[in-house]
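Reading the structure
Next come the chains, spelled out residue by residue.
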Amino acid sequence: MNEILIVPTEKDCEIEGYYYIPDYDVLPYENLKPSWYVRSRRIYALYLALQGKLKAVCTLRSLLHYVMSPEVFKNEIYTFKIGDEVSDFENLFSRLGYERVFNVREGGMFSIRGEIIDYLGPNNVPTRIELYGNIIEDIRRFDLKTQRSEASLESALILPAREFIYEDKENTLEPIEEQLVGKYVDGTFLDYDVVLYISDKKSVLEHFSSFERELRKSLEGLSDAKRLFDYKKYGIFDYEEVISKARTYPSQPLQKVQVKPTEEEYLSVPILSEDELQVGDLVVHRKYGIARFSEIKKVDTSGKQREFLVLSFADSMLYVPIERIDLVEKYIGDEINVKLDSLKKGTWSRKVDRAKKNIEELVRELVLLQHVRNTITGVSLPGEAELEEEFAKTFPFIETPDQLNAIREVFEDLESEKPMDRLLVGDAGYGKTEVAIRAIFRAVASGKQAALLAPTTILAKQHYDNISARFEPFGIKVALLNRFTTKKEREEILKGVKEGRIDVLIGTHSILKDIKFADLGLVVIDEEQKFGVEQKEKFKKLRVNVNVLSMSATPIPRTLHMALSNLKDLSEIKTPPLGRKEIQVHIGPYDERIVKLAILREVGRGGQVIYVHNRVNTIYSVYEKLKELVPEVSIVIAHGQQTKSEMKRVIDAFYHKHADVLLCTTIVENGIDVPDANTLIVDDAHRYGLAQLYQLRGRVGRSDKLAFAYFLHPKHVNDKVLERLYAIKSYQGPGSGMKIAMKDMEIRGVGAIFGLEQHGYINDLGLKYYLDLLNEAVEQVSGNIQSKIDTEIEGIPDSIVIPESYIYDPFERMRFYRRIASVTSEEDLADIREELVDRFGKLPVSVNNLIKYAYLRLMLWNKNVSKATISDVGLVVKFKKGHFEELSPRYIYNEKEDTYIFFMDVDELINTNSAVLRT
């Protein structure tokens, strides 16, 4: 028999040993489908119930949604084994509610690429089926991140991807219809031989009734009476039947789950198509400059196919063979003000020279600073192992591997006798603060004082509340200095710091003024790029002899990370905390009903709401409107023009959960970190830039609850504004900060480290090329010069294209062209070849040729060849100055052209030299 325990709220569902069946995480008429996490858990619960293995917990509302009846569901479960014959996978997956994509990266998706079929269903096993004709030849599990096969599977289980079967494949459903499943099925969980238990009948009914009442009331307010009718008829069935069948749960205590380990598995993987070129993009050709990418042109010469990227410069067109796509990359910078380069006037080389000079100065300054630090002996802070272990236990979450790594790196710096200067970067809410707190604790445990500087009063107060609460049990004295501090308090704090009675001082940059520490061991600077020039100069002086840890939520590009790791100590936190869910983003015209229900849903599940209205002159009328809309919730207001004491009182009230809604201006953009605030409403979202919207969105979703961000705009806004708003919706999941950065923030990342004066050079060259030049300059300083493969091959006699019939997604085709063009070792090339066969099936001849000639280019580069031409008699070769290698004993030298003609069979040359790539 199956059993289900009914509890009052979603919060009560975290019980050890019970499978959690979530309620829908979206509201009727919100333009969102229930998340895959919810759908997959609900469907898998039915699958367990069919086998009599369900022991679950849920709310009453979760139980009342219609589902497939056992009879229907049994007929929609498919299990395939190797050797089975199949006819139409596409039809099957579409009928079961899967969405067709090119690469499966999330649940509820399937992909068909020739004879390779990938899908991810509710059992959460990414499955790859390989066909031979209609026969299943192999079944494998694959990795969503790498898309590579991992292990063999005995069978493939295919379950429906939603709770109903929709037979009409032509018409796709609106999100609202995905919630009213009673239109398509009439089964319930009660049909699955379930014994029901209820933990607290009175509380269960209260929570259910109050939410349901508000939901129906808001639907009644709609002019469209059909929606209310649909909801009553198809939304949920009558609760009385469930209540009458439920037994009272025996009163033994239920063990709460500490961490839901399954959550992490549901995190989606970011899709990085933004990296690849699209027609119309501005691009940078490394040798000729900035152009516009016009098209990919297929050229047929005597039956042999080649593809070219067509680039439009200011005064001419350039055809770049696609196998040399490594010379072309997307331009990242100020697209509006940048000019296309001229091929005839040579504008590019002048810009490159200017930027190189600037980069050399930058690198010299960093090297000088590092040199000075290396000659100074600092103070070693070894800490106290037992005490630190005890303190680590007070962290209420499980550390991510990146966090642990950053803590280890910081501790190693503090233990050494060189002053620490480490930059810690990571997305909003990824746990940078905890790394800083451990460092501060280490400093105090070693008998030193620590200071933490934050750019805003709110952020400083936030850090103070957090740190003082954590440090209090250990007898560590923490003080806060900001504009709310009275003159008398300030004097007392200064005296305490000077005499060593205060261990940790937290505040804005004002704490740099006239403060004498008894024995300062560590300074932590949060969001350094937000401080002014004067403060930054002070920080530079600090860095020479005090341990400094800087934190920044501005993501920095991988290339910058690589360039800097030789010059600057850098730790990056890239993984989200366990259980972090994707933020559901809703974009649409302002609608009071949406605002009302969003607030009620959040407060109903024990959470809080941040409502952003960025105009002080009208914020009080918004307050009145909200009081009218949701009279039962408590609202507080915060903005920059309030008195010190008023703002302090408001922020405290919200932080300590004495208020449900914080109505504020963008003062929350950096720094409000309230784990229970999981709904954000921005009522004038059209006024913000992308980076600001991204920062605002980061204020919610900092716990394991599903979070919602509502970006609302007036009814009539222009398309450009909407495009920006929808861009924030497309950047989801781990690493989304890095992808937003592609549009707006990577340049700030460079600014965060070098100061914003770099903008001009970055915009002239594009961020990626600028970083490559920076990397080269750093490598020269550190003596690791590694040149890029720049050998040219002409006269290729074969077709060297990736046909659309093999990889039909243009981004993926281009990505493979780029990877093949950029390889630096034979092993990498063999690995790409293996991946192509695994993901797309047997290599077509033209793809095999592409890999073969990529290997030839690599081999010739290793033999110092700058250019080679394949001719009827063999290979015409030009070596780099001062080099020569005998490729064949039969050759002649052309003195006039400074070339060698080697009489040989090129295929034979490849086969003789390559152990891995036998053709």
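Residues numbered from 1 in each chain as written. Predicted model: local features only at pLDDT ≥ 70, side-chain atom pairs only at ≥ 80, totals over all residues. Heavy atoms only, no water.

1. Some points on the nonpolar core
Of all hydrophobic cores here, the largest spans 82 residues; its most connected members are Ile4, Ile21, Leu54, Phe89, Ile158 and Val242. When neighbours within four sequence positions are excluded, Leu54 is seen to be in contact with Asn2, Glu3, Ile4, Tyr19, Ile21, Ala45, Leu48 and Ala49. In this structure, Val320, Tyr817, Ala821 and Phe840 belong to the second largest nonpolar core, which totals 54 residues. (Core = buried A, V, L, I, M, F, W, Y, C linked by side-chain atoms within 4.5 Å. Buried < 20%, exposed > 50% of the residue type's maximum accessible area, 1.4 Å probe, protein only. Contact = heavy atoms within 4.5 Å.)

2. A look at the packing of helix H5 (residues 201-220) against helix H16 (residues 592-604)
At a minimum axis separation of 10 Å, H5 and H16 run at an interaxial angle of 175 degrees. The orientation of H5 relative to H16 falls into the category roughly antiparallel. The residues of H16 that touch H5, namely those facing His207, Phe211, Glu214, Leu215 and Ser218, are Arg593, Lys596, Leu597, Leu600, Arg601 and Gly604. Within the contact of H5 with H16, the residues separate by chemical class into four nonpolar, three polar and four charged. (Axes fitted to C-alpha atoms, helices over the stretch in contact; angles between N-to-C directions. Helix = DSSP H or I, 4+ residues; strand = E, 2+ residues; numbered from the N terminus. Parallel < 35°, antiparallel > 145°, perpendicular 65-115°, else oblique. Nonpolar A, V, L, I, M, F, W, Y, C, P; charged D, E, K, R; others polar.)

3. Details of the confidence of the model for the protein
Summary statistics for the protein give a mean pLDDT of 84 and a share of 86% for residues scoring 70 or more. Least confident of the elements in the protein is helix H21 (residues 736-754), whose mean pLDDT is 48; most confident is strand S11 (residues 155-158), at 97. For the stretch residues 258-274, pLDDT sits under 50, and the model shows 43 contacts to residues farther than four places along the chain or on other chains. The low-confidence segment residues 733-745 (pLDDT under 50) makes 46 contacts with residues lying over four places distant or belonging to another chain. (pLDDT = per-residue confidence, 0-100.)

4. Observations regarding the packing of aromatic side chains
Applying the stated criterion across every chain yields a total of 34 aromatic pairs. An angle of 35 degrees between the planes, with centres 5.4 Å apart, marks the rings of Trp348 and Tyr769 as tilted. You can see Trp348 sitting in helix H8 (residues 347-375) and its partner Tyr769 sitting in helix H23 (residues 767-782), a full 421 residues away along the chain. For the pair shown, Trp348 and Tyr769 are each scored as buried. Both rings, one in Phe708 and one in Tyr710, keep their centres 6.4 Å apart while their planes meet at 25 degrees; by these two values the pair is stacked. Judged by relative accessible area, Phe708 falls into the buried class, the value being 1%. Aromatic ring contacts, followed pair by pair, group Phe80, Phe89, Phe93, Tyr98, Phe110 and Tyr119 into a single cluster. Over the aromatic face of Tyr19 sits the side chain of Arg41, whose NZ or CZ is 4.3 Å from the ring centroid. The residue whose ring lies beneath Arg113 is Phe102, and the NZ or CZ to ring-centre distance is 5.7 Å. (Phe/Tyr/Trp six-rings, centres within 6.5 Å; stacked < 30°, edge-to-face > 60°. Lys NZ or Arg CZ within 6 Å of the ring centre and 35° of its normal.)

5. Thoughts on the sheet that holds strand S26 (residues 584-589)
The six strands are arranged S26-S31-S30-S27-S29-S28 in an open sheet whose pairing can be described as parallel. Either end of the sheet is taken by a strand with one partner, and the two such strands are S26 and strand S28 (635-638). On average, each strand axis in the sheet is tilted by 15 degrees relative to the strand beside it, whichever way the strands run. Here five bridges tie strand S27 (residues 608-612) to strand S30 (residues 677-682), and the two strands are oriented parallel to one another. (Pairing = 2+ DSSP bridges.)

6. Considering the sheet that holds strand S15 (residues 289-301)
Sheets are built from strands paired through backbone hydrogen bonds, the pairs being either parallel or antiparallel. Strand order in the open sheet formed by five strands is S17-S16-S15-S14-S18, with antiparallel pairing between adjacent strands. The open sheet has two edge strands with one neighbour each: strand S17 (317-321) and strand S18 (328-330). For this sheet, the mean angle separating the axes of adjacent strands, direction not counted, is 45 degrees. In the sheet, strand S16 (residues 304-312) pairs with S17 via five bridges, with the strands oriented antiparallel. Residue pairing in the sheet places Val310 in a bridge with Tyr319 of S17.

7. Details of the packing of H16 against helix H17 (residues 616-629)
Look at H16 against H17: their axes get within 10 Å of each other, and the N-to-C directions meet at 70 degrees. In this view, H16 runs roughly perpendicular relative to H17, as classed from their interaxial angle. With respect to the hand of their crossing, H16 and H17 are arranged in right-handed fashion. Between H16, through Glu592, Val595, Lys596 and Ile599, and H17, the contact on the second element is made entirely by Lys625, Leu626 and Leu629. (Left-handed = near helix turned anticlockwise from the far one by under 90°.)

8. Topic: a negative patch on the surface
A surface patch of negative charge is lined by Glu384, Glu386, Glu389 and Glu390. Within the secondary structure layout, Glu390 lies in helix H9 (residues 385-392). For Glu390, a relative accessible area of 43% gives the class partly exposed. (Patch = residues over 30% accessible without salt bridge, like charges linked within 9 Å, V, L, I, M, F, W, Y side chains within 5 Å. Areas by Shrake-Rupley, 256 points an atom, 1.4 Å probe, with all protein chains shown as cover. Salt bridge = Lys/Arg side-chain N within 4 Å of Asp/Glu carboxyl O. Lys, Arg positive; Asp, Glu negative; His and termini not counted. Charge placed at Lys NZ, Arg CZ, Asp CG, Glu CD.)

9. A word on the side chain of Asp118
Here Asp118 is to be found in strand S7 (residues 116-120). Taking the relative accessible area as the measure of exposure, Asp118 reaches 0% and is therefore buried. Among the polar contacts made by the side chain of Asp118, one reaches the side chain of Arg128 at a distance of 2.8 Å. The contact partners of Asp118, leaving out residues within four places of it in the chain, are Val104, Met109, Phe110, Ser111, Arg113, Thr127, Arg128, Phe142 and Gln147. (Polar contact = N/O pair within 3.5 Å; in protein donor to acceptor, adjacent residues only side chain to side chain.)

10. Points about the pairing of strand S6 (residues 109-113)
Here is the key point about a regular strand: its side chains alternate between the two faces of the sheet. Within S6, five of the five residues are buried, leaving the element largely enclosed by the surrounding structure. Here S6 shows a buried face lined by Met109, Ser111 and Arg113 and a second buried face lined by Phe110 and Ile112. Across two bridges, strand S5 (residues 99-100) lies against S6 in parallel orientation. Bridging across to S6, Arg100 finds its partner in Phe110.

11. Section: the pattern of salt bridges
All told, the structure shown has 56 salt bridges when counted by the stated rule. Here Arg61 and Asp23 are joined by a salt bridge, their closest N and O atoms 3.1 Å apart. Separated by 38 residues along the polypeptide, Arg61 in helix H2 (residues 60-63) and Asp23 in the loop between strand S2 (19-20) and helix H1 (36-50) bring together distant segments of the chain. Residue Arg61 shares its accessibility class with Asp23, and that shared class is buried. Lys351 is the partner of Asp341 in a salt bridge, and the nearest nitrogen-oxygen pair spans 3.3 Å. With a gap of ten residues between them, Asp341 in the loop between S18 and H8 and Lys351 in helix H8 connect regions that are remote in the sequence. Neither residue differs from the other here; Asp341 and Lys351 are each classed as buried.

12. Examining helix H6 (residues 225-235)
The set of residues buried in H6 consists of Leu228, Asp230, Tyr231, Tyr234 and Gly235. Relative to the axis of H6, the buried residues are bounded by an arc of 160 degrees and lie together on one face. Projecting away from the buried face of H6 at angles above 90 degrees are the exposed residues Ala225 and Lys226. On its buried side, H6 packs onto H2 and H5. (Arc of directions from axis to C-beta.)

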